[in-house]
Amino acid sequence: MTQDVVAKAFEPFFTTKEIGEGTGLGLSQVLGFAQQSGGEVRIDTRLGKGTTITLYLPRAVGTVEGGEG
């Protein structure tokens, strides 16, 4: 991704695709979920090499009640 694309990547409805070729990654929804959960999202990109999107969520504290299904 170029830095221009990274700057817009989390905007709703942003896509680099042509009309009729898809809707993009939906990163605005990923960011919203992360923020709502107390986490964050990071983009690591190397032009011509690839891009990694990492979702960080807070660790849960406590125990799970009940058992397996």
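This one's a predicted model, so the numbers in the text were calculated from it and none came from an experiment.

Draft legend 1. A look at a nonpolar patch on the surface. On the surface, Phe33, Leu55 and Leu57 cluster together into a nonpolar patch covering about 270 Å² of accessible area. Tracing the sequence through the fold places leucine 57 in the segment after strand 2 (50-56). When its relative accessible area of 44% is taken as the criterion, leucine 57 is described as partly exposed.

Draft legend 2. Geometry of the environment of phenylalanine 14. With respect to the element layout, phenylalanine 14 can be found in the loop between helix 1 (3-8) and helix 2 (27-36). Each C-alpha atom, one on phenylalanine 14 and one on isoleucine 43, is 15 Å from the other, the two residues being 29 residues apart in sequence.

Calculation rules
- Residues numbered from 1 in each chain as written.
- Predicted model: local features only at pLDDT ≥ 70, side-chain atom pairs only at ≥ 80, totals over all residues.
- Heavy atoms only, no water.
- Patch = residues over 30% accessible without salt bridge, like charges linked within 9 Å, V, L, I, M, F, W, Y side chains within 5 Å.
- Areas by Shrake-Rupley, 256 points an atom, 1.4 Å probe, with all protein chains shown as cover.
- Salt bridge = Lys/Arg side-chain N within 4 Å of Asp/Glu carboxyl O.
- Helix = DSSP H or I, 4+ residues; strand = E, 2+ residues; numbered from the N terminus.
- Buried < 20%, exposed > 50% of the residue type's maximum accessible area, 1.4 Å probe, protein only.

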